Amino acid sequence: MSTHPLISGLNEKQATAVSADDRPMLVLAGAGSGKTRVLVHRIAWLIQERRYSPYSILAVTFTNKAASEMRGRVEQLLGSSVRNMWIGTFHGLAHRLLRAHYMDVGLPQNFQILDSDDQQRLVKRLIKSMNLDEKRWPAKQAQWYINGKKDEGLRAQHIETFDPTEQTLKQIYEAYQESCDRAGLVDFAELLLRAHELLRDNKTVREHYQKRFRHILVDEFQDTNSIQYAWIRLLSGQDNIVTIVGDDDQSIYGWRGARVENIQQFLDDYPAAMTIRLEQNYRSTGNILRAANSVIANNSDRLGKDLWTEGNEGEPISLYAAFNEMDEARYIVGRIEEWRDQGGALQDVALLYRSNAQSRVLEEALLHARLPYRIYGGLRFFERQEIKDALAYLRLVSNRDDDAAIERVINTPTRGIGNRTLDIIRQTAREQKKSLWQAATQLVDEKQLAGRARNAVASFIELINTTDDETEDFTLGRLSNEVISRSGLLAMYEAEKGEKAETRVENLKELVSACENFTQDETEEDLTPLNAFLAHAALEAGEEQADEYQDAVQLMTLHSAKGLEFPMVFMTGVEEGVFPSQQSMDEPGRLEEERRLCYVGMTRAMQKLVITYAEQRRIYGQDFFHKVSRFISEMPADALHEVRLQTQVQKPTSYGRFNTGASHEAFEQTGFSLGQRVRHAKFGDGTVLNYEGTGPQSRIQINFDQVGTKWLVVAYAKLEPSVS
DNA sequence: CCCGCGTTCCTTTTT
DNA sequence: GGAACGCGGG
């Protein structure tokens, strides 16, 4: 069996997982242990060797990227298409289920998906209309509450509470749901919840899918929330074979409802399950793995796993103590230049940070050094304002009752429908439990609006209706082109000046060509091309816009680095209060999640890992003196190499708020330099942060390890260079 | 309706 | 430090 082509290149554990019999299985896959490979080979094995039809396999992932990569790799392995196999995200699959059974779940056939931005706007408007104080009841918080409840499988009517705060939130939830239902709108959490209710309450439907999906495979299982796991349970019935793949040590989304406990729950629910640990790592050097193992060992309640490699130790992890965030950035730039000069590619370098705000200083330094970079986590194509405007028009063409869409564009571009008029429409809609469109139409017909407002509303209604009527046999591309010009959106953005407006016009044109190039998936034949496109826009917000072909340094948060790997990785801002973040430090559970995040970050590195921290950091315009992160002390000392500033050839020439390079030299005649480690007879060791004036009378700022930051006069302080 | 000013808030992100 | 938002004046 070891010579079977689907298994020959695999290690023993991988091969066992791939060729396992029909029984539930947990694959605990450590970072870099070939997890995707196992999943892909397993599916291919089931089809080729065990003669399962692709039709009887369901594979679930969290991102569209993972789903399409998996399908591609399975097809490549089999040399044939697996079109009728269901591979997709939880949300994509739920959408498909709801479409197929829209009548059973009480949705209109052309129901639309609300993204989080739409959702927040809708909630906000409802809070206003309920006459609640928006300061006391922030839309964000209410949205968080609603989604949290939905993720737990709870409808508003299931919530019993005597807490007055929660009672209000519950009312908002109720009003929101009513509003969505009336408008035929489904948010992301609702997709899952409603699909779950469908499977739970409709025996025929449930048994149909249970009969169909003999094998169910779930990727990144540690990221599943309650409703997602409940979903899997319902689909798997009595004798379907569930395979889950995940890593409890890489669970970093607890804050958004993911439950690592689901892994343990799975083992309880499927007692016959076999557990396979993939611990051989094919990515990182021995040193990096040793340090990562040592950090994660500080967490409790692990399922237990130790990564190992057959590769070499590699070089030690570099640790750099910067004196502030600009020095940190400068050091990193120096190391990247060194890497490039030795022939390294920039796209092989990743800069990781805990929060997005930290990227700015790094960007400035990269810009300054003329190093191209690409930053992850910006606005994506379908999330842009102008695109969402255009999509709102398209949504109205498809479904007039879409309140979220009408709110967005009824007066964009301005057409004389002001707040006054809008409020009348809203009120009428609320009182008569109708959609905004219906209310507006009625008000116009019954001549209940003042002349000017009435004309404006009437012509808006006319605009949507005629656009719909006259484009009936248009292609999607032509339709979208028609929409952006007839609505006046294009003209509006063309009239604006500035670079921003120009990009918006370009984006609108880009939208037209996206529509032209859009090909409907064959699983979407039940949808009109327009509805298929709209679903596509909501469910996969599109790639971030960046020139992928350019050789550029990659900047991203630690969270978005999960699943990726880079030859050279910088983990920056590794300080108490930054990483682990301040908000996570008090609660043990959250601290452990931060530690897993550290583990994730470290295991992204293939050859070189550089960890940096700053003695002083400016956050929100305030200076902080953080201690080194505890995670660093959790690494074995012999896996680390501390880089000291004195050993650097490059002088700290500041280009920011600090003293400039010219006066540095004068300062350095005192015998000290910024970032230098010094020793004081009374205060102990510390780091030079800043100075004032030159010569012996100058004052010098030092962050002492024990007693914090102090200003001292050089002449009296009797400082010595520290030996450590 | 637009502009400018003051206020507030501030991890992490996918769908 | 700065984006995002609400409010009041023109």
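Residues numbered from 1 in each chain as written. Chains lettered and ligands numbered in written order. Predicted model: local features only at pLDDT ≥ 70, side-chain atom pairs only at ≥ 80, totals over all residues. Heavy atoms only, no water.

K.L.:
Sorry if this is basic, but what is going on with the overall build of chain A here?
P.N.:
For chain A, the count of helices and strands is 28 helices and 21 strands. In terms of C-alpha radius of gyration, chain A reaches 29 Å, essentially the compact-globule figure of 27 Å for 724 residues. Each principal axis of the C-alpha atoms in chain A carries an extent, and together these give about 90 × 75 × 55 Å. Out of the 724 residues belonging to chain A, those deemed buried represent 55%. For chain A, the share of sequence-separated contacts (at least 6 apart) that also reach a separation of at least 24 residues comes to 73%. Carbon and sulfur atoms provide 46% of the accessible area of chain A, an area that totals close to 32400 Å². With 87 positive and 105 negative side-chain charges, chain A shows a separation of 2 Å between the mean positions of the two kinds. (Helix = DSSP H or I, 4+ residues; strand = E, 2+ residues; numbered from the N terminus. Rg over C-alpha atoms; globule rule 2.2 N^0.38 Å. Buried < 20%, exposed > 50% of the residue type's maximum accessible area, 1.4 Å probe, protein only. Contact = heavy atoms within 4.5 Å. Areas by Shrake-Rupley, 256 points an atom, 1.4 Å probe, with all protein chains shown as cover. Lys, Arg positive; Asp, Glu negative; His and termini not counted. Charge placed at Lys NZ, Arg CZ, Asp CG, Glu CD.)

K.L.:
Explain the UniProt feature "binding site: ATP" (unreviewed entry) in chain A here, please?
P.N.:
In the numbering adopted here, UniProt assigns the feature "binding site: ATP" (unreviewed entry) to Ala29, Gly30, Ala31, Gly32, Ser33, Gly34, Lys35 and Thr36. With respect to the secondary-structure elements, Gly32 resides in the loop between β1 (25–29) and α2 (35–48). Relative accessible area serves as the criterion here: at 17%, Gly32 is assigned to the buried category. Every residue in contact with Gly32, bar those within four places of it in the chain, is listed here: Gln280, Asn281, Tyr282 and Arg283. Tracing the backbone shows Thr36 in helix α2. (UniProt positions renumbered as here; feature names shortened; annotations may be inferred.)

K.L.:
Before we go on, may I ask you to explain the protein's contact with DNA strand C in this structure?
P.N.:
The environment of DNA strand C is made up of Lys124, Arg360, Tyr620 and Gly621. Restricting attention to atoms of DNA strand C within 4 Å of the protein, one finds that 40% of them are sugar or phosphate atoms. A distance of 3.5 Å separates a base nitrogen of DNA strand C from a polar atom in the backbone of Tyr620. Per-class residue counts for the surface near DNA strand C are 1 nonpolar, 1 polar and 2 charged. (Near = heavy atom within 4 Å. Polar contact = N/O pair within 3.5 Å; in protein donor to acceptor, adjacent residues only side chain to side chain. Nonpolar A, V, L, I, M, F, W, Y, C, P; charged D, E, K, R; others polar.)

K.L.:
What is the right way to look at the nonpolar core in this model?
P.N.:
Core analysis: the largest hydrophobic core is formed by 62 residues, its most contacted members being Trp231 and Phe266. Counting residues in each nonpolar core, the second largest holds 50 residues, with Ile410, Leu443, Val444 and Ile484 among its members. (Core = buried A, V, L, I, M, F, W, Y, C linked by side-chain atoms within 4.5 Å.)

K.L.:
I keep staring at a negative patch on the surface and nothing clicks. Help me out?
P.N.:
There is a patch of like negative charges on the surface, built from Glu462, Asp469, Glu472 and Asp473. Checked against the element boundaries, Asp469 lands in helix α19 (residues 451–470). Assessed through its relative accessible area of 51%, Asp469 is described here as exposed. (Patch = residues over 30% accessible without salt bridge, like charges linked within 9 Å, V, L, I, M, F, W, Y side chains within 5 Å. Salt bridge = Lys/Arg side-chain N within 4 Å of Asp/Glu carboxyl O.)

K.L.:
What am I meant to see in the protein's contact with DNA strand B here?
P.N.:
By nearness alone, 27 residues border DNA strand B, and Arg354, Asn411, Thr557, Ser584 and Arg590 come closest of all. Per the 4 Å cut-off to the protein, sugar and phosphate atoms form 53% of the nearby atoms of DNA strand B. The side chain of Trp255 places a nitrogen or oxygen atom 3.5 Å from a base oxygen of DNA strand B. At 3.4 Å, a side-chain N or O of Arg380 approaches a phosphate oxygen of DNA strand B. Taken together, the elements giving at least two residues each to the surface near DNA strand B come down to α24 (558–561) and α25 (588–602). Considered class by class, the residues forming the surface near DNA strand B number 6 nonpolar, 16 polar and 5 charged.

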